[in-house]
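Analysis of the macromolecular model
Chain by chain, the residues run as shown.
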Amino acid sequence: MGVFDFLKGKGNTPKESKVMLSNPVNGKVIPIDEVDDPVFSQKMMGDGFGVVPSDGDIYSPAPGKVVSVFPTQHAVGLELDNGVEVLVHIGIDTVELEGGPFDTLVKEGDTVTTDTKISTVDLAGLKEAGKENTVIVVFTNMDQVDNYDLSTTGESAKGAEIGSVSSK
């Protein structure tokens, strides 16, 4: 390490492994095992949580960057600042709607914070289509997760701190 490398952002400063999680949408936070879809509730895609939304504005649950936007706009993939990968999935079996009630507001490569609205969904449109509206947040690279804690469930405002996830 050179004498002035710290000024250039170089050196051995480790990135913080623990990231605080915020509720991505106004509504009722539920543990992943209460999500009404066995792929998610049985943690086949990873651990996480769900939110039964009271409005259609979906925000990032933590700081990071957008790594994938599904063409059907029903899900956004994020990589948090600690390297944990997150899938924000809107509704259950909503891929079948081919984008209908969704409007994704971010693109791959975008940097996001908990103040970044990543998507909107027409909740009435989901209901008309017979789809559940639970927003599911799942950590898809569990081999990189050291600890996950959902400390708050129940009714919660968007942006409220609801837990944390730490990387290995």
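Residues numbered from 1 in each chain as written. Predicted model: local features only at pLDDT ≥ 70, side-chain atom pairs only at ≥ 80, totals over all residues. Heavy atoms only, no water.

What to know about the overall build of the protein
When helices and strands are tallied, the protein shows 2 helices and 14 strands. Taking 15 Å as the expected radius of gyration for a compact globule of 168 residues, we find that the protein reaches 17 Å, a close match to that expectation. Buried residues in the protein amount to 48% of all 168 residues. Counted over contacts in the protein with a minimum sequence separation of 6, partners at least 24 positions apart contribute 70%. (Helix = DSSP H or I, 4+ residues; strand = E, 2+ residues; numbered from the N terminus. Rg over C-alpha atoms; globule rule 2.2 N^0.38 Å. Buried < 20%, exposed > 50% of the residue type's maximum accessible area, 1.4 Å probe, protein only. Contact = heavy atoms within 4.5 Å.)

A closer look at the environment of S17
Take S17: it is sitting in the segment before β1 (18-22). Sequence-wise, S17 and S167 are 150 residues apart; in three dimensions their C-alpha atoms are separated by 5.0 Å. Ignoring sequence-local partners within four residues, the contact set of S17 consists of N82, V165, S166 and S167.

Focus: the UniProt feature "domain: PTS EIIA type-1" (unreviewed entry) in the protein
When the UniProt feature table is mapped to this numbering, "domain: PTS EIIA type-1" (unreviewed entry) covers residues 37-141. Secondary structure over residues 37-141 splits into 10% helix and 40% strand, and the C-alpha atoms at its two ends are 19 Å apart. (UniProt positions renumbered as here; feature names shortened; annotations may be inferred.)

Focus on the environment of L97
Looking at the element boundaries, L97 is found in the loop between β7 (85-90) and β8 (102-104). Each C-alpha atom of the pair L97 and K131 lies 9.3 Å from the other, and the pair is 34 residues apart in sequence.

Comments concerning the packing of aromatic side chains
Scanning the model with the defined rule gives 1 aromatic pair in all. The residue whose ring lies beneath K158 is Y59, and the NZ or CZ to ring-centre distance is 4.3 Å. (Phe/Tyr/Trp six-rings, centres within 6.5 Å; stacked < 30°, edge-to-face > 60°. Lys NZ or Arg CZ within 6 Å of the ring centre and 35° of its normal.)

Regarding unusual backbone geometry
One non-glycine residue with positive phi stands out, namely Q73, at about 60 degrees. Considering the arrangement of structural elements, one finds Q73 in the loop between β5 (64-69) and β6 (75-80). Taking relative accessible area as the criterion, Q73 reaches 24% and is therefore assigned partly exposed. The phi torsion at D93 lies on the positive side, around 60 degrees, for a residue other than glycine.

A few points about a nonpolar patch on the surface
A surface patch of nonpolar side chains, about 250 Å² in accessible area, is lined by V39, M44 and M45. Relative to the helices and strands, M45 is located in the loop between α1 (38-41) and β3 (48-53). (Patch = residues over 30% accessible without salt bridge, like charges linked within 9 Å, V, L, I, M, F, W, Y side chains within 5 Å. Areas by Shrake-Rupley, 256 points an atom, 1.4 Å probe, with all protein chains shown as cover. Salt bridge = Lys/Arg side-chain N within 4 Å of Asp/Glu carboxyl O.)

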